[in-house]
Amino acid sequence: MPDILIRNVSREVLSTLKQRAAARGRSLQMELHKILEEAAGEKSLDGIKLAAEIRKQLQAKMKNYSDSVDLIREDRER
């Protein structure tokens, strides 16, 4: 895997990152990996793929499901 070098990080930012890592029981490097993964959207892409798969499964059952928007609108109008 390639490496990344980030220069000129303030002491305050570095201290905050170290505290955050310690609070989560991780090394600074692991915490930075997690932050970068989240920022790159890897986890959200997994969620999008899961939602698409669920949608396919529901469509395969050929059932009609109500739109929750209509139900919420009804409740708000009461």
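For the structure given in this document, a descriptive report is provided here. (Residues numbered from 1 in each chain as written. Predicted model: local features only at pLDDT ≥ 70, side-chain atom pairs only at ≥ 80, totals over all residues. Heavy atoms only, no water.)

### Section: the overall build of the protein
Along the backbone of the protein there are four helices and zero strands. If you list the helices and strands of the protein from N to C, you get α-α-α-α. Element-wise, carbon and sulfur atoms account for 54% of the exposed surface of the protein, whose accessible area totals about 7600 Å². With 16 positive and 13 negative side-chain charges, the protein shows a separation of 4 Å between the mean positions of the two kinds. (Helix = DSSP H or I, 4+ residues; strand = E, 2+ residues; numbered from the N terminus. Areas by Shrake-Rupley, 256 points an atom, 1.4 Å probe, with all protein chains shown as cover. Lys, Arg positive; Asp, Glu negative; His and termini not counted. Charge placed at Lys NZ, Arg CZ, Asp CG, Glu CD.)

### Description of the packing of helix α1 (residues 11-23) against helix α2 (residues 28-40)
Interaxial distance between α1 and α2 falls to 9 Å at its minimum, and their mutual angle equals 95°. Overall, the two elements α1 and α2 adopt an arrangement that is roughly perpendicular. For the pair formed by α1 and α2, the contact residues are L14, L17, K18, R20 and A21 on the first element and L28, E31, L32 and I35 on the second. Tallied by class, residues from the contact of α1 with α2 come to six nonpolar, no polar and three charged. (Axes fitted to C-alpha atoms, helices over the stretch in contact; angles between N-to-C directions. Parallel < 35°, antiparallel > 145°, perpendicular 65-115°, else oblique. Contact = heavy atoms within 4.5 Å. Nonpolar A, V, L, I, M, F, W, Y, C, P; charged D, E, K, R; others polar.)

### Concerning a nonpolar patch on the surface
Taken together, I4, I6, V9, V13, L14 and L36 make up a surface patch of nonpolar side chains, about 560 Å² in accessible area. Inspection of the secondary structure assignment puts V13 in helix α1. (Patch = residues over 30% accessible without salt bridge, like charges linked within 9 Å, V, L, I, M, F, W, Y side chains within 5 Å. Salt bridge = Lys/Arg side-chain N within 4 Å of Asp/Glu carboxyl O.)

### Notes on α1
Over its 13 residues, α1 runs 18 Å from end to end, which matches the ideal 18 Å to within 8%, given 1.5 Å per residue. Looking one or two residues beyond α1, the residue adopting positive phi is G25, at roughly 70°. (Expected span 1.5 Å × (residues − 1).)

### Concerning the side chain of E31
Summarising the element assignment, E31 is placed in helix α2. Look at E31 and you get buried, because its relative accessible area is 1%. Apart from the residues lying within four places of it in its own chain, the contact partners of E31 are L17, R20, A21, R24 and R26. (Buried < 20%, exposed > 50% of the residue type's maximum accessible area, 1.4 Å probe, protein only.)

### Let's talk about the pattern of salt bridges
Enumeration over the complete set of coordinates arrives at five salt bridges. As a salt-bridge pair, R73 and D70 come within 3.7 Å of each other at their nearest N and O atoms. Residue R73 and its partner D70 are located together in helix α4 (residues 68-77), separated by three residues, close to a single helical turn. For D70, a relative accessible area of 41% gives the class partly exposed. Across the pair R78 and D75 runs a salt bridge, and its minimum N-O distance is 3.6 Å.

### Details of unusual backbone geometry
A positive phi angle, close to 60°, is found at N8, a residue other than glycine. If you trace the backbone, N8 turns up in the segment before α1. Of the residues examined, N8 reaches a relative accessible area of 79% and is grouped as exposed.

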